[in-house]
Amino acid sequence: MGVTSLPYVFPGERVPRFPRTARCGHRRPGQSAGVTEEGSDRRTRVTVLVALAANLVIAAAKAVGGLAAGSPALLSEAAHSLADSLNEVFLLAALRRSRRPADRRHPFGYGKERFFWSLLAAVGIFVMGGCFSFFQGIEALTKGSEEDLGGYVAGLVVLGIALLAEGGSLLRALYQVRRQGGVRAGLRDPALRTVVAEDGTAVLGVTLAIVGMALHMATGQVVWEAGASLAIGALLVYVAYRLGREARDQLIGEAADPEASGRIRALLRAQPEIDSVEALFTMKTGLDSTLVAARVDLVPGLDSERVEEVAVRIKRSIANTVPEAEQIFLDVTDRRLAREAAESPAATGERGGA
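Residues numbered from 1 in each chain as written. Predicted model: local features only at pLDDT ≥ 70, side-chain atom pairs only at ≥ 80, totals over all residues. Heavy atoms only, no water.

Some words on the overall build of the chain
As a reminder, the rule being used: What counts as a helix is a DSSP run of H or I of at least four residues, what counts as a strand is a run of E of at least two, and both are numbered from the N terminus. Three exposure classes are used, based on accessible area relative to the maximum for each residue type with a 1.4 Å probe and protein chains only: buried under 20%, partly exposed in between, and exposed over 50%. By the convention used here, residues are in contact when the closest approach between their heavy atoms is within 4.5 Å. Residue burial considers only the protein chains on display, and all accessible areas are found by Shrake-Rupley using a 1.4 Å probe.
Looking only at helices and strands, the chain features 11 helices and three strands. Ordering the α and β elements of the chain from the N terminus gives α-α-α-α-α-α-α-α-β-β-α-β-α-α. Of all 354 residues assigned to the chain, the portion counted as buried reaches 47%. Across the chain, every contact between residues at least 6 apart in sequence was considered, and the portion connecting residues at least 24 apart equals 76%. As presented, the chain carries roughly 16,700 Å² of accessible surface, and 62% of it is formed by carbon and sulfur atoms.

Section: the pattern of salt bridges
Put simply, the rule is: Salt-bridge detection follows one rule: a side-chain nitrogen of Lys or Arg within 4 Å of a carboxyl oxygen of Asp or Glu.
Counting across every chain of the model gives 10 salt bridges. Measuring nitrogen to oxygen at the nearest pair gives 2.7 Å for the salt bridge that ties Glu273 to Arg313. Here the residue Glu273 occupies a position in the loop between helix H8 (258–269) and strand S1 (274–286), and Arg313 occupies one in helix H9 (residues 304–321), the gap between them amounting to 40 residues. For Glu273, a relative accessible area of 6% translates into the label buried. Here Arg295 and Asp331 are joined by a salt bridge, their closest N and O atoms 3.4 Å apart. Placement of the pair is Arg295 in strand S2 (residues 289–298) and Asp331 in strand S3 (residues 325–332), with a sequence separation of 36 residues. By relative accessible area, Asp331 is classed as buried at 16%. When salt bridges that share partners are traced, they join Glu273, Arg306, Glu309 and Arg313 into one network.

Observations regarding a nonpolar patch on the surface
What counts is decided by this rule: Residues enter a patch when their relative accessible area is above 30% and they make no salt bridge; the linking distance is 9 Å between like charges and 5 Å between nonpolar side chains (Val, Leu, Ile, Met, Phe, Trp, Tyr).
A cluster of nonpolar side chains, contributed by Val153, Val157, Ile161 and Met217, occupies part of the molecular surface with about 350 Å² of accessible area. Ranked by the residues each element gives to the nonpolar patch, the list is headed by helix H4 (residues 152–179), at three residues.

Remarks on the pairing of S2
Short version of the rule: Two strands make a pair as long as DSSP finds a minimum of two bridges between them. Orienting the strands away from the viewer, one traces the path from the first strand over the helix to the second; a clockwise path indicates a right-handed crossover.
For S2, a buried count of nine out of 10 residues is recorded, marking the element as mostly surrounded by other parts of the structure. Alignment of S1 against S2, held across 10 bridges, turns out to be antiparallel. For Ile274, the partnering residue across the bridge sits in S2 and is Leu298. Judged from the seven bridges that link them, S2 and S3 form a sheet pairing that is parallel. Bridged to Thr290 within S3 is Ala325. In this view, the connection linking S2 to its parallel neighbour S3 by way of H9 has right-handed handedness.

Some details on the packing of aromatic side chains
For clarity, the cut-off: In this scheme Phe, Tyr and Trp rings, the latter by its six-membered ring, pair at centre separations within 6.5 Å, and the angle between planes marks the pair as stacked below 30 degrees, edge-to-face above 60, and tilted otherwise.
For the coordinates displayed, the defined rule picks out three aromatic pairs. Taking 5.4 Å as the distance between ring centres and 75° as the angle between the ring planes, the aromatic pair formed by Phe116 and Trp117 counts as edge-to-face. The class of Trp117 is buried, set by a relative accessible area of 17%. Ring geometry for Phe132 and Phe135: centres 6.2 Å apart, planes at 40°, overall tilted. With Phe132 and Phe135 both in helix H3 (residues 113–143), this residue pair falls three residues apart, about one helical turn.

Brief notes about the packing of helix H6 (residues 190–219) against helix H7 (residues 222–251)
Our working rule: As a rule, the C-alpha atoms of each element are fitted with a line to give its axis, helices using only the stretch in contact, and angles between N-to-C directions run from 0 to 180 degrees. When describing relative orientation, an angle under 35 degrees is termed roughly parallel and one over 145 degrees roughly antiparallel, while 65 to 115 degrees is termed roughly perpendicular and anything else oblique. Under this grouping Gly is polar, as are all residues other than the nonpolar Ala, Val, Leu, Ile, Met, Phe, Trp, Tyr, Cys and Pro and the charged Asp, Glu, Lys and Arg.
It is the contact of H6 with H7, at a shortest axis distance of 7 Å, that shows an interaxial angle of 170°. Looking at the two axes, H6 sits roughly antiparallel to H7. Its residues assigned to classes, the contact of H6 with H7 comprises 16 nonpolar, seven polar and three charged.

So, helix H2 (residues 72–97)
Side chains of residues three or four places apart in an α-helix project in the same direction, reflecting 3.6 residues per turn. Quick reminder of the rule: Here, expected helix span is obtained from the residue count minus one, scaled by 1.5 Å.
If you check H2, its first and last C-alpha atoms are 38 Å apart, about what 26 residues at 1.5 Å a residue would give, namely 38 Å. When you tally the buried positions in H2, you get 20 out of 26 residues, the bulk of the element.

Comments concerning the confidence of the model for the chain
To be explicit about the condition: What pLDDT expresses is the predictor's confidence in each residue, scored from 0 to 100.
Predicted confidence across the chain gives a mean pLDDT of 76, with 78% of residues reaching 70 or more. Long-range and interchain partners of residues 1–35, a stretch whose pLDDT sits below 50, account for 82 contacts in this model, where long-range means more than four residues apart. Here residues 348–354 is modelled with pLDDT under 50, and outside its nearest four sequence neighbours on either side it reaches three contacts, counting other chains as well.

A word on the sheet that holds S1
Within the open sheet, the three strands sit side by side as S1-S2-S3. Their pairing is mixed. Only two strands of the sheet have a single partner each, and these edge strands are S1 and S3. Put simply, the sheet's adjacent strands are angled 15° from each other on average, direction ignored. Together, S1 and S2 form the strand contacts of H8, whose direction differs from that of S1 by roughly 150°. Along the sheet face, H9 touches S1, S2 and S3 and points at about 150° away from the line of S3.

As structure tokens, then:
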């Protein structure tokens, strides 16, 4: 079956991790043939490095152009690109640290590092990009329309170049999404998802800045450029909120995809030795690793050797059906205790807290 045999696990006993080499022939649903986890990370790293290089150059050009022209929209875009550059550094750290092997202190591995650094990236977008853009817009509105528009032509040229660079980076990121199985599979990676969000937001933000500066030049009314700066700020805050919420859900323990959980439950129910599946718990411990814990009630009359044989076969079947299931716990309990567990909020899907 390609998976190392595991002993039967009694309640509370831990299952050893399946070695990654044992599942090298499997790929996740939606993952293209020939795309390995390590190869995917290398391509994501290249995508992040391309975005980082583009954003550093663009941030410097926008800052110089914004200071020379006194343009709030251009300075807002400079802050946006600087925030994106810092976030790409966070994402590179996430790619490196999340692949560290499990150890005694972190027995489930370091996969959630990816989610943590993505959360920091979202905070960076909010603070450095969104808040500064709001500040620039409000300052422009209170200052009035006495700015010298002499440097605006150069500023528009800078934004035009930035639009081409950001668009190229976005195309690179979208190409990688397609290589990794399309939107649903490719955007599972928080690093790649953040790059796509940043580049898409950057293209839209530069467009808003160009429109605001052009209208300011045409009408002499700073309100157009201030409005563009405020719109950029609102856009960044929204993107930061969406990315942060996604990272938060993954950090606090997000369940596996419903489709994967459904396949595991169907597999368990199909076993002739299982009388009922009383509870099934799943949690993503990384981008491509999932913890699976099931509490089942076996048919009566099975001796201990038969129970061990059934447990090993079921865990092998789960590992083959859901390759990302790296930790599998099988708990056989009596029906009364199982029913109490099945009625708990965690098993029924009810939300806890406010």
